[in-house]
Amino acid sequence: MNKDRKLIIAGNWKMNKTVAEGLDLVRALKLELANIKEIDIVVCPPFTALGEVSRAILDSNIRLGAQNMSEHHVGAFTGEIAAVMLKEFSVRYVILGHSERRQHQKESDELIAKKTLATHGASLKPIVCVGEMLADRESGRTEKVLETQVRGSLAGLTKEQMVETIIAYEPVWAIGTGKTATTAQAQEAHAFIRGLLATLFDDTVARRVRIQYGGSVKHSNARELMSQPDVDGALVGGASLESRSFADIIKNSI
Ligand code: PGA
């Protein structure tokens, strides 16, 4: 698929995989995906597996991401993880503002913006998640919600930082439900977000930012989703937990 933007496909393991299970998964992925150069491949294990997984993928084309990060540098923040700790394990990407954290940990756009700035401060690349709930879509509020989240979660970024930021559009009703947005729904939302980036930053920035789709991505729908002009990759949950299904998503996206 010919796009100016390189596709980026990331596996969000969420709260799954012990160290041993994570190692089994990445060892299998290394074999399956060894020849892939066309796509940036990322795995995002839980914090506890970052160290071992990092070592296991050192000599591969698979990059490492974390699922969250503190907005603070260091100090008295029990249970939190700082950028410098992630960098010890060669983490390059950090998922921020996933809808599960927005829902269960009550993360606000304001907090996500602070975390996004903190990742850039540490030369990490944030994957900032946005997406509407089913009720928003049904009441015609999708664009309003996306605009609020995009403006809020990316507040304060410079153009240079924005270009290094990845956005994941994840309609909440499609996450873990088996319901995927239609390709037309995905493209429409991605084009809306890109248009918004042109307004908030400029056309060049908007053209360069990669926007992933997330929500029940599987091998059977990956190709069609990736063929949309504004879909630049995927953030994959359930289907990233098994080597064959994650590898097939990547192979089918080329
Ligand atoms: P899913 O999750 O692929 O299991 O729907 C996607 C996500 O939450 O990032």
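Residues numbered from 1 in each chain as written. Predicted model: local features only at pLDDT ≥ 70, side-chain atom pairs only at ≥ 80, totals over all residues. Heavy atoms only, no water.

Peer 1: Help me understand the pairing of strand S3 (residues 62–66), please; the structure alone is not making it clear to me.
Peer 2: The element S3 is extensively covered by neighbouring structure, given that 4 of its 5 residues are classed as buried. Summarising the sheet, strand S2 (residues 39–44) and S3 pair through 3 bridges and their orientation is parallel. Across the sheet, residue Val43 finds its bridge partner in S3, namely Leu64. This β-α-β element, S2 to helix H2 (residues 47–56) to S3, shows right-handed connectivity. Summarising the sheet, S3 and strand S4 (residues 93–96) pair through 2 bridges and their orientation is parallel. Each residue of the ladder has a partner; that of Gly65, found in S4, is Tyr93. (Buried < 20%, exposed > 50% of the residue type's maximum accessible area, 1.4 Å probe, protein only. Helix = DSSP H or I, 4+ residues; strand = E, 2+ residues; numbered from the N terminus. Pairing = 2+ DSSP bridges. Right-handed = clockwise from strand over helix to strand, strands pointing away.)

Peer 1: Help me understand empty space enclosed by the protein, please; the structure alone is not making it clear to me.
Peer 2: Here the idea is plain: a probe the size of a water molecule rolls over the atoms and shows the empty space left. This structure, assessed with the given rule, holds 1 cavity of 30 Å³ or more. In terms of lining, the largest cavity is formed by Gly97, Ser99, Arg102, Cys129, Val130, Gly131, Gln149, Glu170, Val172 and Ile175. Across the lining of the largest cavity, the residue classes break down as 4 nonpolar, 4 polar and 2 charged. (1 Å grid on protein atoms, 1.4 Å probe; cavity = no way out; pocket = protein on both sides within 12 Å on 5 of 7 lines; lining within 4 Å. Points joined across faces, edges and corners; volume = space filled by probe spheres on them. Nonpolar A, V, L, I, M, F, W, Y, C, P; charged D, E, K, R; others polar.)

Peer 1: Can you help me understand helix H9 (residues 183–200) in this one?
Peer 2: It helps to recall that an α-helix has 3.6 residues per turn; residues three or four apart then point in one direction. Compared with an ideal rise of 1.5 Å per residue, which puts 18 residues at 26 Å, H9 spans 25 Å between its outermost C-alpha atoms and is within 8% of the ideal. Within the sequence span of H9, burial applies to Thr183, Ala186, Gln187, Ala189, His190, Phe192, Ile193, Arg194, Leu196 and Leu197. (Expected span 1.5 Å × (residues − 1).)

Peer 1: Looking at this model, I keep getting lost on the packing of helix H1 (residues 19–33) against H2. Mind explaining?
Peer 2: In a packed pair of helices, the relevant descriptors are the angle between the two axes and the axis-to-axis distance. The geometry of H1 relative to H2 is characterised by a closest axis approach of 9 Å and an angle of 30° between their N-to-C directions. As judged from the angle between their axes, H1 and H2 are roughly parallel. Once H1 is placed against H2, the crossing between them reads as right-handed. Across from Val19, Gly22, Leu23, Val26 and Lys30 in H1, the residues of H2 making contact are Thr48, Ala49, Glu52, Val53 and Ala56. Tallied by class, residues from the contact of H1 with H2 come to 6 nonpolar, 2 polar and 2 charged. (Axes fitted to C-alpha atoms, helices over the stretch in contact; angles between N-to-C directions. Parallel < 35°, antiparallel > 145°, perpendicular 65-115°, else oblique. Left-handed = near helix turned anticlockwise from the far one by under 90°. Contact = heavy atoms within 4.5 Å.)

Peer 1: Before we go on, may I ask you to explain the layout of surface pockets in this structure?
Peer 2: Here the largest pocket is characterised by a volume of approximately 350 Å³. Every residue lining the largest pocket is counted, 14 residues in all, and those nearest its centre are Lys14, Met15, Gln67, Asn68 and Arg101. Per element, the largest residue contribution to the lining of the largest pocket is 3 residues, and it comes from helix H4 (residues 99–104). Estimated volume of the second largest pocket: approximately 170 Å³. What lines the second largest pocket is a set of 17 residues, and nearest its centre among them are Gly176, Ser216, Val236, Gly237 and Gly238. Its residues assigned to classes, the lining of the second largest pocket shows 5 nonpolar, 9 polar and 3 charged.

Peer 1: What's the story with the environment of Lys251 in this structure? I'm lost.
Peer 2: Its place among the elements puts Lys251 in helix H12 (residues 243–253). On the basis of relative accessible area, Lys251 is assigned to the partly exposed category, the value being 34%. Taking the C-alpha atoms as reference points, Lys251 and Arg223, separated by 28 residues in sequence, lie 8.9 Å from one another.

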